[in-house]
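Structural description and commentary
Here's the letter readout for the chains.
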Amino acid sequence: MGQYIPSTWEWVADQVEIYEGSGGTEGTNLRDTDLPVIIVTNTGHKTGAIRKTPLMKVVDGDRYILIASKGGRPLNPHWYHNLKADPNVEIRDKTEVCSMKVREIEDEEERQRLWELGVEAYPPYQDYQDKTERVIPVFVAEAV
Ligand code: F42
């Protein structure tokens, strides 16, 4: 494993620093909302670096749903490519850290069901999808 390289988006790198620096007791929500956030530690597939990606917490039973929205931008986030290259991640949910394996949901019916769970947890996901041609990818993360 390489060394940790913070996100180039400062507000994101800052959240990771507070979240992880407090052992998962602070900075665990999205900005000043009460919407919970998890941190997905993944491996940069070009650099081999450790990357830490905060995402909205969306669950389906004991699985996490990871939604590669990137605010509805035309291209998938870099972390999408990292997860496709190496599905082994760590997910921090507040003070809990688990080793998990991710897979992208290709089945349209299953993807739609999980997408709806995402929109229920974080309605802006639908706005992001409405503003891009890109079909926003959905992953599930399951404990190994
Ligand atoms: N993003 C989402 O997509 N969905 C969410 O639900 C979400 C929630 C959220 C909550 C709190 C918060 O602070 C951030 C949140 N974000 C959410 C933003 C998310 O954490 C990511 O910052 C965002 O999705 C963009 O991901 P990104 O991987 O494109 O990050 C960019 C900004 C970045 O860090 N780029 C690096 C750079 O140097 O430009 C490269 C990162 C990287 O992984 N590089 C790879 C490597 O090998 O190191 C190469 C990847 C490649 O193929 O180019």
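A brief look at the structure comes next. Numbering of residues starts from 1 in every chain and runs along the sequence as written. With the structure being a predicted model, the display of local features is reserved for residues of pLDDT at least 70 and the display and counting of side-chain atom pairs for 80 or more, all residues being used for whole-chain, interface and lining totals. For side-chain calculations, the full set of non-hydrogen atoms in the structure is used, while hydrogens and water are omitted.

**Focus on unusual backbone geometry**
The following threshold applies: A helix here means a DSSP run of H or I that spans at least four residues, while a strand means a run of E at least two residues long, and both kinds are numbered starting from the N terminus. A 1.4 Å probe rolled over the protein chains alone gives each residue an accessible area, and that area as a share of the maximum for its type sets the label: buried under 20%, exposed over 50%, partly exposed in between.
Here the phi dihedral of Arg31 falls at roughly 45°; this positive angle occurs in a residue that is not glycine. Note that Arg31 resides in the loop between α1 (10-21) and β1 (37-43). Assessed through its relative accessible area of 61%, Arg31 is described here as exposed. In this structure, Lys94 takes a positive phi of about 60° despite not being glycine. For Lys94, the position within the fold is in the loop between β5 (88-93) and β6 (96-104).

**What to know about the site of the ligand**
The cut-off we apply is this: Each residue is tested against the molecule or strand, and it is near if at least one of its non-hydrogen atoms lies within 4 Å. By the criterion applied in these results, polar contacts are pairs of N or O atoms within 3.5 Å in which, for protein atoms, one can donate a hydrogen and the other can accept it, and in which residues neighboring in sequence qualify only through two side-chain atoms. Polar here means any residue other than Ala, Val, Leu, Ile, Met, Phe, Trp, Tyr, Cys and Pro, which are nonpolar, and Asp, Glu, Lys and Arg, which are charged; Gly is therefore polar.
By nearness alone, 27 residues border the ligand, and His45, Lys46, Thr47, Pro54 and Tyr125 come closest of all. Between the ligand and Arg51 there is a distance of 2.9 Å, counted from an oxygen atom to a side-chain nitrogen or oxygen. Mapped onto the shell around the ligand, the elements with two or more residues apiece are α1, β2 (50-56) and α2 (78-85). By residue number, the principal contributor to the shell around the ligand is β2, which donates 5 residues. Across the shell around the ligand, the residue classes tally to 13 nonpolar, 11 polar and 3 charged.

**Things to note about helix α3 (residues 108-121)**
Threshold: Take the number of residues in a helix, subtract one, and multiply by 1.5 Å to get its expected span. Taken from the helix axis, the directions to the C-beta atoms give the arc we talk about. Contact criterion: two residues are considered in contact whenever any of their non-hydrogen atoms come within 4.5 Å of each other.
For α3, with 14 residues, the first-to-last C-alpha span of 20 Å sits near the 20 Å given by 1.5 Å per residue. Taken together, the buried positions of α3 are Arg111, Leu114, Trp115 and Gly118. The buried residues of α3 occupy an angular sector of 110° when the element is viewed end-on, so they sit on one face. Turned more than 90 degrees away from the buried face of α3 sit Glu109 and Glu120, all of them exposed. Buried-residue contacts for α3 involve β3 (59-60), β4 (63-67), α4 (124-130) and β7 (138-143).

**Section: α2**
All buried positions along α2 are accounted for by Trp79, Tyr80, Asn82 and Leu83. Along α2, the residues classed as buried sweep out an arc of 160° about the axis, all on the same side. Exposed and oriented more than 90 degrees from the buried face of α2 are His78 and Ala85. Its buried side turned inward, α2 meets β1, β2, β4, β5, β6 and β7.

**Notes on the pattern of salt bridges**
It is possible for side chains of opposite charge to pair when their charged atoms get near one another. For clarity, the threshold we go by: Whenever Lys or Arg places a side-chain nitrogen within 4 Å of a carboxyl oxygen from Asp or Glu, that contact is recorded as a salt bridge.
Applying the stated criterion to the full structure yields 11 salt bridges. Between Glu20 and Arg92 there is a salt bridge, with its nearest N and O atoms 3.7 Å apart. One end of the pair, Glu20, is in helix α1; the other, Arg92, is in strand β5, and 72 residues separate them in sequence. By relative accessible area, Arg92 is classed as buried at 15%. Residue Arg113 pairs with Glu110 through a salt bridge whose shortest N-O separation is 3.1 Å.

**Details of the nonpolar core**
As a reminder of what qualifies: Working definition of a nonpolar core: buried Ala, Val, Leu, Ile, Met, Phe, Trp, Tyr and Cys residues. They are joined through side-chain atoms within 4.5 Å.
In terms of nonpolar packing, the biggest core is built from 17 residues, with Met56, Ile65, Ile67, Leu114, Trp115, Tyr125 and Val138 touching the most fellow members. Setting aside anything within four residues of it in sequence, one finds Ile67 in contact with Leu55, Trp79, Trp115, Gly118, Tyr125, Ile136, Pro137 and Val138. Residues Val40, Tyr64, Leu66 and Trp79 belong to the second largest nonpolar core, which totals 15 residues.

**A short note on the sheet that holds β7**
Here is the rule we go by: We call two strands paired when DSSP finds no fewer than two bridges between them. Lines fitted to the C-alpha atoms define the axes, with helices restricted to the stretch that makes contact. Angles between their N-to-C directions range from 0 to 180 degrees.
The sheet built from 7 strands is open, its strands ordered β2-β1-β5-β6-β7-β4-β3 with antiparallel pairing. The open sheet has two free edges, formed respectively by β2 and β3, since each of these has just one partner strand. The sheet contact formed by β1 and β2 spans 7 bridges and is antiparallel. Directly across from Thr41, in β2, lies its bridge partner Lys52. Together, β1, β2 and β5 form the strand contacts of α1, whose direction differs from that of β1 by roughly 105°. Relative to the sheet, α3 contacts β3, β4 and β7, its axis offset from that of β4 by approximately 85°.

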